[in-house]
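# Coordinate inspection notes
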Amino acid sequence: MANPADFTTAIKGVRGGSKYLVVHMSDQSDSGTLVGFIVPKKVLPHATDRNLVRRRLRHLMATRLEQIQGRKIAIRVLPGVREANYQQLGQALDTALGKAAKKAEAK
């Protein structure tokens with residue numbers, strides 16, 4: 001996701017959080033699924049750390065796209081995410097996606 005309007009749509013929807021990240025999800029279904037990542041410099045000051053976390057999240061989301069159809073999703077990382085290994089990041093993503101999806105279905 002590269003369009004700021006898509007990020008705005010996702011952030012105005014529902015959200016679900018976990019220890020390492022927050023998932024913002026649009027509460028309306030669209031034709032295609034879009035995923036974007038928010039990795040601020042305040043959380044991870046080094047570019048190599050930001051890119052590492054972004055690559056891990058991109059790979060984890062690629063395996064989970066079938067579960068989420070037609071939504072715009074923005075994933076924002078929280079402090080402490082650099083210390084999380086791949087499995088912990090995957091568990092945190094599953095938790096946050098589950099919470100956000102449950103809220104989106106309730107609307």
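All residue numbers refer to positions counted from 1 along the written sequence of the respective chain. For a predicted model such as this one, the threshold for reporting local features is a pLDDT of at least 70, and the threshold for listing and counting side-chain atom pairs is 80 or more; totals across whole chains, interfaces and linings nevertheless cover every residue. To obtain the side-chain values, all non-hydrogen atoms of the structure were included, while hydrogens and water were left out.

In the nomenclature of an unreviewed UniProt entry, the protein corresponds to Ribonuclease P protein component from the organism Winkia neuii BV029A5. UniProt positions are given in the numbering used here, feature names are shortened, and annotations may be inferred rather than shown by experiment. The annotation that UniProt attaches to the protein under Function (unreviewed entry) is "RNaseP catalyzes the removal of the 5'-leader sequence from pre-tRNA to produce the mature 5'-terminus. It can also cleave other RNA substrates such as 4.5S RNA. The protein component plays an auxiliary but essential role in vivo by binding to the 5'-leader sequence and broadening the substrate specificity of the ribozyme."

### Concerning the overall build of the protein
Where helices and strands are cited, they refer to DSSP runs of H or I of at least four residues and of E of at least two residues respectively, numbered from the N terminus. A tally of helices and strands in the protein yields three helices and four strands. Each helix and strand of the protein, placed in order from N terminus to C terminus, yields the pattern α-β-β-β-α-β-α. Taken over C-alpha atoms, the radius of gyration is set against a globule rule of 2.2 Å times the number of residues to the power 0.38. Radius of gyration (C-alpha) of the protein: 13 Å, near the 13 Å computed for a compact globule of 107 residues. Taken along the three principal axes of its C-alpha coordinates, the protein extends 35 × 25 × 20 Å. Pairs of residues are marked as contacts when any of their non-hydrogen atoms sit within 4.5 Å. Sequence separation of at least 24 residues holds for 80% of the intrachain contacts in the protein that already meet a minimum separation of 6. For the protein, the exposed surface amounts to about 6200 Å²; the carbon and sulfur share of it is 51%. Note that His is not counted, nor are the chain ends; the positive residues are Lys and Arg, and the negative ones are Asp and Glu. Charged groups are reduced to one reference atom each: NZ for lysine, CZ for arginine, CG for aspartic acid, CD for glutamic acid. Computed over 19 positive and 8 negative side-chain charges, the separation of the two mean positions in the protein equals 7 Å. Each accessible area value is a Shrake-Rupley result obtained with a 1.4 Å probe; residue values ignore everything except the protein chains displayed when judging cover.

### Overview of the pattern of salt bridges
Salt bridges are counted wherever a side-chain nitrogen of Lys or Arg sits within 4 Å of a carboxyl oxygen of Asp or Glu. What the rule picks out here adds up to three salt bridges. Measuring nitrogen to oxygen at the nearest pair gives 3.0 Å for the salt bridge that ties Asp6 to Lys72. One end of the pair, Asp6, is in helix α1 (residues 4-11); the other, Lys72, is in strand β4 (residues 72-77), with 66 residues separating them in the sequence. Taken individually, Asp6 and Lys72 each receive the classification buried, so the pair is uniform in this respect. Close ionic contact of Arg82 with Asp49 constitutes a salt bridge, the shortest N to O distance being 2.8 Å. With Arg82 in the loop between β4 and α3 (86-106) and Asp49 in helix α2 (residues 47-62), the pair connects residues that are 33 residues apart, well separated along the chain. The classification of residues rests on relative accessible area computed with a 1.4 Å probe and restricted to protein chains. Under 20% of the type maximum is buried, over 50% is exposed, and intermediate values are partly exposed. Arg82 sits in the partly exposed class, given a relative accessible area of 33%.

### Focus on the pairing of strand β2 (residues 21-25)
Successive residues of a regular strand alternate their side chains across the two faces of the sheet. For β2, the buried fraction is high: five of the five residues fall into the buried class. With burial as the criterion, each face of β2 is covered, one bearing Leu21, Val23 and Met25 and the other bearing Val22 and His24. At least two bridges found by DSSP between two strands is the condition for calling them paired. Where strand β1 (residues 14-17) meets β2, four bridges bridge the pair, whose relative direction is antiparallel. In the strand pairing of β2, Gly16 is matched with Val23.

### Structural notes on the sheet that holds β2
Taken in spatial order, the four strands line up as β1-β2-β4-β3 in an open sheet, and their pairing is mixed. Edge strands, defined here as strands with exactly one partner in the open sheet, are β1 and β3 (34-38). For this sheet, the mean angle separating the axes of adjacent strands, direction not counted, is 20°. Contacting β1, β2 and β4, α3 runs over the sheet at an angle of about 35° to β2. Axis geometry follows a simple rule: fit a line to the C-alpha atoms, using only the stretch in contact for helices, then measure angles between N-to-C directions, giving values from 0 to 180 degrees.

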